[in-house]
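Chain by chain, the residues:
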Amino acid sequence: MGKEYLSVMIQSLQKKSKILDGIIQKNMEQHQILSQDTLDAEAFEQNVQEKSDLVDQINFLDEGFEELYGRVKSVIEAEKQAHREDILLMKKLIAEITEKSVSIQSEELRNRRLMEHKFSQERKKIHAKRSSSVAVNQYYKNMAKLNYMDAQFMDKKK
């Protein structure tokens, strides 16, 4: 019984590691999107959605792993020697997953700062456009006033 469960747990950890690789790839893509002069909002949104789907898969795997571990924890602890190789493999996979998770967290922080900077730039561009628009409107209003002659100043010859 314990051997089959351990095999499933190992497969779950391997899948999680591959999904984390996918998140690392999405983070690199996100960095490229945010590094461009003009923000491609559609590509950014698609990237965020794809990354969210990967995170959902990890959450699903984690829930299954925890449930399975809860069932076989006592068996594994009681028969450590019999499952030594599988336990060592699981420890190795967990160490890899932890390393990838730390890497992802630092990439996420870097991308978040880049995103905040990019959005700040976009807000400044919008503000500059609004200011330009207001200035243009004010100019036209002033010019219209200049060209307006009050009737009292018109020559009224009879």
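What counts and how
- Residues numbered from 1 in each chain as written.
- Predicted model: local features only at pLDDT ≥ 70, side-chain atom pairs only at ≥ 80, totals over all residues.
- Heavy atoms only, no water.
- Helix = DSSP H or I, 4+ residues; strand = E, 2+ residues; numbered from the N terminus.
- Buried < 20%, exposed > 50% of the residue type's maximum accessible area, 1.4 Å probe, protein only.
- Contact = heavy atoms within 4.5 Å.
- Areas by Shrake-Rupley, 256 points an atom, 1.4 Å probe, with all protein chains shown as cover.
- Salt bridge = Lys/Arg side-chain N within 4 Å of Asp/Glu carboxyl O.
- Phe/Tyr/Trp six-rings, centres within 6.5 Å; stacked < 30°, edge-to-face > 60°.
- Polar contact = N/O pair within 3.5 Å; in protein donor to acceptor, adjacent residues only side chain to side chain.
- Core = buried A, V, L, I, M, F, W, Y, C linked by side-chain atoms within 4.5 Å.

Comments concerning the overall build of the protein
Okay, step 1: A tally of regular secondary structure across the protein gives three helices and zero strands.
Okay, step 2: For the protein, the α and β elements follow one another from N to C terminus as α-α-α.
Okay, step 3: Burial statistics for the protein: of 158 residues in total, 25% are counted as buried.
Okay, step 4: For the protein, restricting intrachain contacts to residue pairs at least 6 apart in sequence, the fraction spanning at least 24 positions comes to 85%.
Okay, step 5: Accessible surface for the protein amounts to roughly 12,000 Å². Of this, 54% is attributable to carbon and sulfur atoms.

Re the pattern of salt bridges
Okay, step 1: A full pass over the atoms with the stated rule returns nine salt bridges.
Okay, step 2: With its nearest N and O atoms 2.5 Å apart, the salt bridge here joins Glu50 to Lys26. Highlighted residues: Glu50 in helix α2 (residues 41–78) and Lys26 in helix α1 (residues 2–35), separated in sequence by 24 residues.
Okay, step 3: Lys92 serves as the salt-bridge partner of Glu96, at 4.0 Å between the closest nitrogen and oxygen. Of this pair, Glu96 and Lys92 both sit in helix α3 (residues 84–147), separated by four residues, roughly a single helical turn.

Side note on the environment of Asp62
Okay, step 1: Structurally, the position occupied by Asp62 is in helix α2.
Okay, step 2: Judged by relative accessible area, which is 27%, Asp62 ranks as partly exposed.

Details of the packing of aromatic side chains
Okay, step 1: This model, assessed by the stated rule, comprises one aromatic pair.
Okay, step 2: Seen from their ring centres, Phe44 and Phe119 are 6.2 Å apart, and the 80° between their planes marks the pair as edge-to-face. One end of the pair, Phe44, is in helix α2; the other, Phe119, is in helix α3, with 75 residues separating them in the sequence.
Okay, step 3: Judged by its relative accessible area of 11%, Phe44 falls in the buried class.

Observations concerning the side chain of Gln30
Okay, step 1: Topologically, Gln30 is positioned in helix α1.
Okay, step 2: The exposure class of Gln30 is buried, given its relative accessible area of 6%.
Okay, step 3: Polar contacts involving the side chain of Gln30 include one to the side chain of Asn47, which spans 3.4 Å.
Okay, step 4: With residues near it in sequence (within four places) discarded, Gln30 still touches Phe44, Asn47, Val48, Lys51 and Asn111.

Quick notes on the nonpolar core
Okay, step 1: Counting residues in hydrophobic clusters, the biggest one holds 20 residues, and the most contacted among them are Met9, Leu13, Leu20, Ile23 and Met90.
Okay, step 2: Here this core gets eight residues from one element, more than from any other, and that element is α1.
Okay, step 3: Contact partners of Leu13, with chain neighbours within four places excluded, come to Phe65, Met90, Leu93, Ile94 and Ile97.

Concerning the environment of Ile23
Okay, step 1: Among the structural elements, Ile23 can be located in helix α1.
Okay, step 2: Remark: the alpha-carbon pair of Ile23 and Lys100, spanning 77 residues in sequence, is separated by 9.5 Å.
Okay, step 3: Each residue touching Ile23, except ones within four places of it in the same chain, is listed here: Lys51, Leu54, Val55, Ile58 and Ile104.

By themselves, these observations are geometric and do not establish any function.
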